[in-house]
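What follows is the residue order along each chain.
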Amino acid sequence: MLTLPNLLTLSRILAVPLLAGLLWQPQWALGYGIAFILYCLMGITDYFDGYLARANGAVSKLGIFLDPIADKIMVAAVILVLVAVQVINGASVIAGLIILLREIAVSGLREFLAQLQVSVPVSRLAKWKTTLQLVALGGLILGGALPGWPWVQMAALAALWGAAALTLVTGWDYLRVGLKHMDS
């Protein structure tokens, strides 16, 4: 049960409070630099936990359960803290909200469909959405570490809006599949 891939996944979950704490002071560029490194390490462990589990035939029910939760916890925490400290502000809060609402809705839909023994595979577009979302959030963190480079923040906010747009498209795709399995 506590295989290396599962330990990597658990390490991501346990690192979220540290990441959130580092992001709490947006004027602390060094803290944001450390947060960016931690965020990147968390992303690397996300890749390696899945890779190692598949390569070693160590895919487990615990890992299948925890991996998407770890991802959602990290994304939600980063969005919430960046909104709270106004790194994400103004209309861009809507982009963050779209991403959070989709994550909750798709998780609920997947749980509902699982009870019906219906599997909804992750689409290629959803993978692009996740990639753009993670790049956007990483860029916002990096922007805090590089306050003299405002273009980093602007590019990251543009990527956040791109991720929000893909979020709407992929969320609708999942909902359309789910609606086929719901009683009228």
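Every value quoted in this text rests on a predicted model; they were computed, and no experiment measured them.

Colleague: It is not clear to me how the overall build of the chain should be interpreted in this structure. Could you clarify?
Modeller: Counting secondary structure elements, the chain contains 6 helices and 0 strands. Overall, the C-alpha framework of the chain stretches about 50 × 40 × 25 Å when taken along its three principal axes. For the chain, the proportion of its 184 residues judged to be buried stands at 39%. In the form shown here, the chain has an accessible surface area of approximately 10,300 Å², with 72% of it arising from carbon and sulfur atoms. A distance of 6 Å separates the average location of the 11 positive side-chain charges in the chain from that of its 8 negative side-chain charges.

Colleague: Just checking my understanding: could you explain helix α1 (residues 4-23) for this structure?
Modeller: Residue pairs three or four apart in sequence face the same way in an α-helix, which turns once every 3.6 residues. Its 20 residues give α1 an end-to-end C-alpha distance of 28 Å, which sits within 8% of 28 Å, the value for a rise of 1.5 Å per residue. P5, N6, L8, T9, R12, A15, V16, L19, A20, L22 and L23 are the residues of α1 that are buried. Where α1 is buried, its residues touch α2 (29-55), α3 (61-84) and α5 (124-145).

Colleague: Hey, could you run me through the layout of surface pockets in this one?
Modeller: In this approach, a probe sized like a water molecule rolls over the atoms, and the result shows the empty space that is left. Taken as a whole, the largest pocket spans an internal volume of roughly 1,600 Å³. D46, D67, P68, D71 and V122 are, among the 45 residues lining the largest pocket, the residues nearest its centre. Residue assignment for the lining of the largest pocket shows that the elements contributing at least two residues are α1, α2, α3, α4 (92-115) and α5. Class assignment for the residues of the lining of the largest pocket results in 20 nonpolar, 12 polar and 13 charged. If you add up the space inside the second largest pocket, you get close to 180 Å³. Together, I98, L101, R102, A105, V106, L109, T167, L168, G171, W172, Y174 and L175 line the second largest pocket. Looking at the lining of the second largest pocket, the elements with two or more residues in it are α4 and α6 (150-179). In the lining of the second largest pocket, the residues fall into 9 nonpolar, 2 polar and 1 charged.

Colleague: Would you mind going over the UniProt feature "transmembrane region" (unreviewed entry) in the chain with me for this structure?
Modeller: Summarizing the sequence annotation, UniProt attributes the feature "transmembrane region" (unreviewed entry) to residues 31-53, 73-101, 131-149 and 155-175 in the numbering used throughout. The span residues 73-101 is 76% helical and 0% strand by assignment, and the distance between its end C-alpha atoms comes to 13 Å. Helix makes up 100% of residues 155-175 and strand 0%, whereas the separation of the span's terminal C-alpha atoms amounts to 30 Å.

Colleague: For this particular structure, what's the right way to read the packing of aromatic side chains?
Modeller: Think of a pair of aromatic rings as described by two things: how far the centres are apart, and how the planes are tilted against each other in angle. Per the stated rule, a full pass over the model turns up 4 aromatic pairs. For the ring pair F48 and Y51, a centre distance of 6.4 Å and an interplane angle of 85 degrees mean the geometry is edge-to-face. Taken together, the residues span about one helical turn, with F48 and Y51 both in helix α2 at a distance of 3 residues. Residue classification places F48 among the partly exposed residues on the basis of a relative accessible area of 36%. With a centroid separation of 6.0 Å and an interplanar angle of 20 degrees, the aromatic rings of W149 and W151 are classed as stacked. For W149, a relative accessible area of 46% gives the class partly exposed. Taking the relative accessible area as the measure of exposure, W151 reaches 54% and is therefore exposed. Members of the aromatic cluster, connected to one another through ring pairs, are Y47, F48 and Y51.

Parameters and conventions
Residues numbered from 1 in each chain as written. Predicted model: local features only at pLDDT ≥ 70, side-chain atom pairs only at ≥ 80, totals over all residues. Heavy atoms only, no water. Helix = DSSP H or I, 4+ residues; strand = E, 2+ residues; numbered from the N terminus. Buried < 20%, exposed > 50% of the residue type's maximum accessible area, 1.4 Å probe, protein only. Areas by Shrake-Rupley, 256 points an atom, 1.4 Å probe, with all protein chains shown as cover. Lys, Arg positive; Asp, Glu negative; His and termini not counted. Charge placed at Lys NZ, Arg CZ, Asp CG, Glu CD. Expected span 1.5 Å × (residues − 1). Contact = heavy atoms within 4.5 Å. 1 Å grid on protein atoms, 1.4 Å probe; cavity = no way out; pocket = protein on both sides within 12 Å on 5 of 7 lines; lining within 4 Å. Points joined across faces, edges and corners; volume = space filled by probe spheres on them. Nonpolar A, V, L, I, M, F, W, Y, C, P; charged D, E, K, R; others polar. UniProt positions renumbered as here; feature names shortened; annotations may be inferred. Phe/Tyr/Trp six-rings, centres within 6.5 Å; stacked < 30°, edge-to-face > 60°.

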